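# Examination of the molecular architecture
Each chain is listed here by its residues.
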Amino acid sequence: AQSVAQPEDQVNVAEGNPLTVKCTYSVSGNPYLFWYVQYPNRGLQFLLKYITGDNLVKGSYGFEAEFNKSQTSFHLKKPSALVSDSALYFCAVRDMDNTGKLIFGQGTTLQVKP
Amino acid sequence: DTAVSQTPKYLVTQMGNDKSIKCEQNLGHDTMYWYKQDSKKFLKIMFSYNNKELIINETVPNRFSPKSPDKAHLNLHINSLELGDSAVYFCASTLNNEQFFGPGTRLTVL
């Protein structure tokens, strides 16, 4: 069965510092991987996806993620964090059953302090 | 224009009642989903419809009944509400591997 894991419940960084939110995956075959962000009391917003191609994927709001097949990871990164980046981040993998449904990680709360 | 909309945004009701949540997407997508986010923020698929046909039913109690009158709408009806149904319910639609989510409906069962 496909799955993703986000090993950190919370990540704290200072504004201006680089940030990393970790995600590892377990799939049979080539994964379709996604990052979503959820601001308080809001829906999920799409950040970026990896389907194929370059391992470094650039997304919205200055975020990027690196697909690493050997480490089965898809960590989310940003060179310089903003206080407004504070939110709940979800990594997801598309299930291989062709329904298109997403399997989500448990979420990581990012707290950026001024 | 809102791409995926849900009504109501908040729903507070008593145990045992029956309630519905509506979802509409104006993106022309064929596939729509319902996800449930529990109190620990964990997100899990409930149902999916493709062009008005049910394609996913993830062991959800049969008190939950989705209905898709057309491919732009996927409504969720819940009978005999229980305390454990309290959650945020998200509707989504998909095209080209990207899912677009609605703003969510926070259901509180008292």
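What comes next concerns the included structure. (Residues numbered from 1 in each chain as written. Chains lettered and ligands numbered in written order. Predicted model: local features only at pLDDT ≥ 70, side-chain atom pairs only at ≥ 80, totals over all residues. Heavy atoms only, no water.)

All names here are of chain B. Read from one edge of the open sheet, 4 strands run β1-β3-β8-β7, paired in antiparallel fashion. The sheet is open, and its two borders are formed by β1 (4-7) and β7 (64-70), each paired with just one other strand. Strand-to-strand twist in this sheet, taken as the mean axis angle between neighbours without regard to direction, amounts to 20°. Here strand β3 (residues 19-25) runs beside strand β8 (residues 73-78); their pairing, made up of 4 bridges, is antiparallel. Paired with Ile21 across the two strands is Leu76, which belongs to β8. (Pairing = 2+ DSSP bridges. Helix = DSSP H or I, 4+ residues; strand = E, 2+ residues; numbered from the N terminus. Axes fitted to C-alpha atoms, helices over the stretch in contact; angles between N-to-C directions.)

Turning our eyes to something else, we now look at the packing of aromatic side chains. Counted by the stated rule, this structure contains 13 aromatic pairs over all chains. Ring centres of Tyr50(A) and Phe74(A) lie 6.4 Å apart, and the angle between their planes is 55°; on these two criteria the pair is classed as tilted. Taken as a pair, Tyr50(A) in strand β6 (residues 44-50) and Phe74(A) in strand β9 (residues 73-78) lie far apart in primary sequence, 24 residues in all. By relative accessible area, which is 8% here, Tyr50(A) ends up buried. Accessibility expressed as a relative area gives 0% for Phe74(A), which makes it buried. Measuring from centroid to centroid gives 6.0 Å for Tyr33(B) and Tyr35(B), while their planes differ by 35°, and the two rings are tilted. Like Tyr33(B), the residue Tyr35(B) is buried in the burial classification. Linked through ring pairs, Tyr36(A), Phe46(A), Phe90(A), Phe104(A), Tyr33(B), Tyr35(B) and Phe101(B) together constitute an aromatic cluster. (Phe/Tyr/Trp six-rings, centres within 6.5 Å; stacked < 30°, edge-to-face > 60°. Buried < 20%, exposed > 50% of the residue type's maximum accessible area, 1.4 Å probe, protein only.)

Below, the discussion takes up the environment of Ser70(A). Residue and element names in this part refer to chain A. The residue Ser70 is located in the loop between β8 (64-68) and β9 in this model. Take Ser70: its relative accessible area is 70%, and that puts it in the exposed class. Taking the C-alpha atoms as reference, Ser70 lies 34 Å from Pro40; in sequence the two are 30 residues apart.

This part is about the state of the cysteines. Applying the stated rule across the entire model yields 2 disulfides over all chains. Between the sulfur atoms of Cys23(A) and its disulfide partner Cys91(A) the distance amounts to 2.0 Å. What sets the handedness of the Cys23(A) and Cys91(A) disulfide is the S-S torsion sign, and at about -60° it is left-handed. In this pair, Cys23(A) is assigned in the loop between β3 (19-21) and β4 (24-26) and Cys91(A) in strand β10 (residues 87-94), connecting sequence segments 68 residues apart. This pair shows no difference in class: Cys23(A) is buried, exactly as Cys91(A) is. The disulfide that involves Cys23(B) links it to Cys91(B), with 1.8 Å between the sulfurs. In this structure the cystine formed by Cys23(B) and Cys91(B) twists about its S-S bond by roughly -75°; its chirality is therefore left-handed. Of this pair, Cys23(B) sits in strand β3 while Cys91(B) sits in strand β9 (residues 87-95); the two residues are 68 residues apart in sequence, bridging distant segments of the chain. You'll find Cys23(B) and Cys91(B) in the same group, each marked buried. (Disulfide = S-S within 2.5 Å.)

Residue and element names in this part refer to chain A. Among the secondary structure elements, Asp85 is positioned in the loop between β9 and β10. A relative accessible area of 3% means that Asp85 is categorised as buried. If near-sequence neighbours (up to four positions away) are discounted, Asp85 is found in contact with Leu19, Phe63, Lys78, Ser80, Leu110 and Val112. (Contact = heavy atoms within 4.5 Å.)

Turning next to the interface of chain A and chain B. With 21 residues of chain A at the contact, the number on the chain B side is 22 residues. Between chain A and chain B lies a buried interface of about 1700 Å² when both sides are counted; carbon and sulfur atoms form 56% of it. Summed over the shared surface of chain A and chain B, the number is 1 salt bridge. A salt bridge links Lys101(A) to Glu58(B); the nearest nitrogen and oxygen atoms lie 3.5 Å apart. Inspection of the region where chain A meets chain B yields 6 residue pairs in polar contact (both at pLDDT 80 or more). Sorting the residues of the side of chain A that touches chain B by element identifies β5 (33-38), β6, β10 and β11 (102-104) of chain A as the ones contributing at least two each. Grouping the constituent residues of the side of chain A that touches chain B by class yields 10 nonpolar, 7 polar and 4 charged. (Buried area = accessible area lost by both parts, 1.4 Å probe. Salt bridge = Lys/Arg side-chain N within 4 Å of Asp/Glu carboxyl O. Polar contact = N/O pair within 3.5 Å; in protein donor to acceptor, adjacent residues only side chain to side chain. Nonpolar A, V, L, I, M, F, W, Y, C, P; charged D, E, K, R; others polar.)

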